[in-house]
Amino acid sequence: MAACTSQHALISVKPRCASASFSSDRRAGNVRFVSTTSCCPSSRKLGLVCASNSQSSVIEPAKLPSSPESGSNPKKSSEAALILIRHGESLWNEKNLFTGCVDVPLTPKGVNEAIEAGKRICNIPVDVIYTSSLIRAQMTAMLAMMQHRRKKVPIIVHKESERAHQWSQVYSEETKKQSIPVITAWQLNERMYGELQGLNKQETADLFGKEQVHEWRRSYDIPPPNGESLEMCAERAVSYFKEQIIPQLVSGKHVMIAAHGNSLRSIIMHLDKLTSQEVISLELSTGIPMLYIFKEGKFIRRGSPAGPSEAGVYAYTKSLAKYRQKLDGMDQ
Ligand SMILES: O=C(O)[C@H](O)COP(=O)(O)O
């Protein structure tokens, strides 16, 4: 890994204007890619593993009824928005500790990041929210959604027991219409970091070597001691995405996912068809939302803002622009 790391060059890409298309661009806003032209043997090995495991981001085209919220004609429009947000800074991000599945809340900075994330997506329709079972992702989802111009109330769906489900029912159709279900799923949790959980990242690198720790943190198929590799994390996160979330998009629902650096890396790897070599260089910042459009069975990246507002950073589709106009109309 040392050879790879030393030859990496950081590429940062500025967000594009609203009219630009991101369809074939894997680099945007919070997603940083690093050149991997010269690879070490272990990276080549990863590439081979990926080739046999590579997943297509195209699923069978389906009939896609549009949500009434989208403000578009269901016959003409067949697209749904997918927003991905990594949680804001957590107390252990701040302390530079390996966190994984330890359930740590946001810092005040993380709270602000979640609020800013919400402002960036305040004009994009959301019908259903998925988060991990960890509080940092749930706080981020809630804080972000509270910034939305549509002012719907995000409500956690409790299905841990029959009673929890029954006791959290809402008995007004009108109130339900003004709510957004928030579905929590352990499958979207951060990759389990095994015996690194709670250790300081810098001290671990000093102890085991920078290359070893980079391999544990970023390689596709090398797990940290007694933890999950990205590949293992993808097995649950991408399966959940395919089984539970894609059907929502197919039915025209606009979806937001608030999750974690590595569970989202595995989902982005799937959406953008990254190889196991390319995913090594994929880094997600805390609290920066990415937007994809699901259309005719394909996922198209539409941008990721680096600025403080959503204006001019997402490549709006026609129906997203219509939805935004509708919100403008509601304000008047
Ligand atoms: O779990 C953690 O420690 C972080 O959320 C992600 O860690 P990473 O940057 O090592 O992937």
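Throughout this description, residue numbers start from 1 for each chain and increase along the sequence as written. In keeping with the model being predicted, local features are shown solely for residues with a pLDDT of at least 70 and side-chain atom pairs are shown and tallied solely at 80 or more, while totals for entire chains, interfaces and linings include all residues. Just so you know, side-chain values use all the structure's heavy atoms and leave hydrogens and water out.

Taken residue by residue, a regular strand's side chains alternate between the two faces of the sheet. The cut-offs for exposure are 20% and 50% of the maximum accessible area for each residue type, with area from a 1.4 Å probe on protein chains only; residues under the lower value are buried, those over the upper are exposed, and the others partly exposed. Numbering of helices and strands runs from the N terminus, with a helix taken as a DSSP run of H or I at least four residues long and a strand as a DSSP run of E at least two residues long. Along strand β9 (residues 290–295), five of the six residues are buried, which leaves the element largely enclosed by surrounding structure. Think of it this way: DSSP has to see at least two bridges between two strands before they count as a pair. Where strand β3 (residues 79–86) meets β9, six bridges bridge the pair, whose relative direction is antiparallel. Directly across from Ala 81, in β9, lies its bridge partner Ile 293. Across five bridges, the pairing between β9 and strand β10 (residues 298–303) is antiparallel. Across the sheet, residue Phe 294 finds its bridge partner in β10, namely Phe 299. The hairpin turn running from β9 into β10, its antiparallel successor, is two residues long, and Glu 296 in that turn takes a positive phi close to 45°.

With that out of the way, let us pick up unusual backbone geometry. Notably, Lys 151 is not glycine yet its phi reads approximately 60°, a positive angle. Examined against the element boundaries, Lys 151 turns out to sit in the loop between α5 (135–145) and β5 (153–156). With relative accessibility at 58%, the residue Lys 151 sits in the exposed group. The phi torsion at Lys 273 lies on the positive side, around 55°, for a residue other than glycine.

Near, as used in this document, describes a residue that has one of its heavy atoms within 4 Å of the molecule or strand being considered. Near the ligand the following residues occur: Arg 86, Asn 93, Leu 97, Phe 98, Thr 99, Gly 100, Glu 190, Tyr 193, Lys 201, Arg 217, Arg 218 and Asn 262. In protein, a polar contact means a hydrogen-donor-capable atom and an acceptor-capable atom, both N or O and within 3.5 Å, with residues adjacent in sequence counting only if both atoms are side-chain atoms; elsewhere, any N or O pair within 3.5 Å suffices. One nitrogen or oxygen atom from the main chain of Thr 99 is found 2.8 Å from an oxygen atom belonging to the ligand. The separation between an oxygen atom of the ligand and a polar main-chain atom of Gly 100 is 2.8 Å. Across the complex, the protein chains shield 96% of the 320 Å² of accessible surface that the ligand would expose by itself. A breakdown of the residues in the shell around the ligand according to their chemical character gives three nonpolar, four polar and five charged. The protein chains shown are the only cover counted for residues, whose accessible areas, like all others here, come from Shrake-Rupley with a 1.4 Å probe. Side-chain classes follow a simple rule in which Ala, Val, Leu, Ile, Met, Phe, Trp, Tyr, Cys and Pro form the nonpolar group, Asp, Glu, Lys and Arg form the charged group, and the remainder, Gly included, forms the polar group.

Further remarks concern the UniProt feature "site: Transition state stabilizer" (unreviewed entry) in the protein chain. UniProt positions are given in the numbering used here, feature names are shortened, and annotations may be inferred rather than shown by experiment. Under the UniProt annotation, the feature "site: Transition state stabilizer" (unreviewed entry) is placed at His 260. Mapped onto the fold, His 260 is located in the loop between β7 (255–259) and α11 (261–271). The criterion used for residue contact is that any of the two residues' heavy atoms lie within 4.5 Å. Sequence-distant contacts of His 260, defined by excluding residues within four places in its chain, comprise Arg 86, His 87, Ser 132, Leu 134, Arg 136, Ala 137, Leu 188, Asn 189, Glu 190 and Arg 265. At 2.7 Å, the side chain of His 260 and the side chain of Ser 132 are in polar contact.

Another point: the nonpolar core. We call a set of buried residues a nonpolar core when its members are Ala, Val, Leu, Ile, Met, Phe, Trp, Tyr or Cys and they connect through side-chain atoms within 4.5 Å of each other. Core analysis: the biggest nonpolar cluster contains 32 residues, and Leu 82, Leu 84, Phe 241, Ile 257 and Phe 299 have the highest contact counts within it. With eight residues, the single largest contributor to this core is helix α10 (residues 230–250). In terms of nonpolar packing, the next biggest core, distinct from the first, is built from 20 residues, Ile 85, Ala 117, Val 126 and Ala 141 among them.

By convention in these notes, a salt bridge is any Lys or Arg side-chain nitrogen within 4 Å of a carboxyl oxygen on Asp or Glu. Under the defined criterion, the tally for this structure stands at eight salt bridges. One salt bridge connects Glu 89 with Lys 109, and the closest N-O pair in it is separated by 3.7 Å. Of this pair, Glu 89 sits in the loop between β3 and α3 (91–94) while Lys 109 sits in helix α4 (residues 108–120), and the two are 20 residues apart along the sequence. Taking the relative accessible area as the measure of exposure, Glu 89 reaches 12% and is therefore buried.

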